[in-house]
Amino acid sequence: MGCGTSRAARVVGKKKDKARRNPNLKFGINGPVQVTQQPYAPAGSPAIYHGTVLPLLGFDPMVAAEKLREAMKGLGTNDDVLVQEITTITNVQRQHTKSAYQQKYQRDLVKDVKSEISGDYEDTILHLLEPSPEYDAWILHETISGPGTDEDVLLEVLCFRTKEQLGDRKSVV
């Protein structure tokens, strides 16, 4: 990169270089995307893109907890902040944020969210706050209970989890 290259171009160039060095990290339109080959897929089958939420670099659960508390404090809720803080981090980071929230405010984040929002929006946010094994156990139960079965969801959970992850899900049930 020459002297006349903008800072933004250098950053994008560095990201592309990083993606070239790591075969599991591809650079898409919106930034890096994790790509994995399924362990039991036939040879030559295409890699599968698993979500676009990568661990947030420089993540501080205390800062996230503070932002969430501020978004829910007082009358009304700042939905933009709530959605931004919960949806842009991985499930592991959300669990750290829940712990930091409890530690800092001696309050349960899930209960506070329940008291602030409702409907499908509440259901979505609450499921995002669940640990992955609990969410998968819930979705499997929903998929197979009642009339009919949503095979696509069933296959997604059963086929795209590792043996260890499935063991974790079994322990929740």
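Look up: the structure comes first, before these words.
Residues numbered from 1 in each chain as written. Predicted model: local features only at pLDDT ≥ 70, side-chain atom pairs only at ≥ 80, totals over all residues. Heavy atoms only, no water.

## Considering the side chain of asparagine 91
At step 1: Mapping asparagine 91 onto the fold places it in helix α4 (residues 91–105).
At step 2: By relative accessible area, which is 17% here, asparagine 91 ends up buried.
At step 3: Here the side chain of asparagine 91 touches serine 132 through a polar contact of 3.4 Å, landing on its backbone nitrogen.
At step 4: If we ignore the near neighbours within four places in the chain, the residues touching asparagine 91 are Leu128, Glu130, Pro131 and Ser132. (Helix = DSSP H or I, 4+ residues; strand = E, 2+ residues; numbered from the N terminus. Buried < 20%, exposed > 50% of the residue type's maximum accessible area, 1.4 Å probe, protein only. Polar contact = N/O pair within 3.5 Å; in protein donor to acceptor, adjacent residues only side chain to side chain. Contact = heavy atoms within 4.5 Å.)

## Describing the pattern of salt bridges
At step 1: Summed over the entire model, instances satisfying the criterion amount to five salt bridges.
At step 2: Between glutamate 85 and lysine 67 there is a salt bridge; the shortest N-O distance is 3.7 Å. Placement of glutamate 85 in helix α3 (residues 79–87) and of lysine 67 in helix α2 (residues 61–72) is noted, with a sequence separation of 18 residues between them.
At step 3: You can call glutamate 85 buried: its relative accessible area is 15%.
At step 4: On the accessibility criterion, lysine 67 (40% relative accessible area) is partly exposed.
At step 5: Residues joined by salt bridges that share partners form a network here, namely Arg69, Arg107 and Asp112. (Salt bridge = Lys/Arg side-chain N within 4 Å of Asp/Glu carboxyl O.)

## Considering the environment of valine 81
At step 1: Relative to the helices and strands, valine 81 resides in helix α3.
At step 2: Given a relative accessible area of 25%, valine 81 falls into the partly exposed group.
At step 3: Expressed as a C-alpha distance, the spacing of valine 81 and arginine 69, which sit 12 residues apart in the sequence, is 10.0 Å.
At step 4: Not counting the four nearest positions on each side in its chain, valine 81 is found in contact with Lys67 and Ala71.

## Things to note about the environment of valine 110
At step 1: Within the secondary structure, valine 110 is located in helix α5 (residues 109–116).
At step 2: Separated by 19 residues in the primary sequence, valine 110 and leucine 129 place their C-alpha atoms 7.4 Å from one another.

## Focus: the packing of aromatic side chains
At step 1: Inspection of the entire model under this criterion finds two aromatic pairs.
At step 2: Where tyrosine 101 meets tyrosine 105, the ring centres are 5.3 Å apart and the plane angle is 55°; that geometry is what we call tilted. Note that tyrosine 101 and tyrosine 105 are positioned in helix α4 at a spacing of four residues, about one turn of the helix.
At step 3: Given a relative accessible area of 0%, tyrosine 101 falls into the buried group.
At step 4: Here the aromatic rings of tyrosine 135 and tryptophan 138 are separated by 5.7 Å at their centres, their planes lie at 40°, and the arrangement is tilted. (Phe/Tyr/Trp six-rings, centres within 6.5 Å; stacked < 30°, edge-to-face > 60°.)

## A word on α2
At step 1: Over its 12 residues, α2 extends 17 Å from the first C-alpha to the last, a length consistent with the 16 Å expected when each residue adds 1.5 Å.
At step 2: Buried residues of α2: Ala64, Ala65, Leu68, Arg69, Ala71 and Met72, and no others. Down the axis of α2, the sector holding all buried residues measures 160°, keeping them to one side.
At step 3: Looking at the packing, one finds that the buried side of α2 touches α3, α4 and α5.
At step 4: Sitting at the head of α2, aspartate 60 places a side-chain oxygen 3.1 Å from the backbone nitrogen of methionine 62.
At step 5: At the exit of α2 stands glycine 74, carrying a positive phi of roughly 80°. (Expected span 1.5 Å × (residues − 1). Arc of directions from axis to C-beta.)

## Some words on a negative patch on the surface
At step 1: A contiguous patch of negative charge on the surface is contributed by Asp150, Glu151, Asp152 and Glu156.
At step 2: With respect to the helices and strands, glutamate 156 occurs in helix α8 (residues 151–159). (Patch = residues over 30% accessible without salt bridge, like charges linked within 9 Å, V, L, I, M, F, W, Y side chains within 5 Å. Areas by Shrake-Rupley, 256 points an atom, 1.4 Å probe, with all protein chains shown as cover. Lys, Arg positive; Asp, Glu negative; His and termini not counted. Charge placed at Lys NZ, Arg CZ, Asp CG, Glu CD.)

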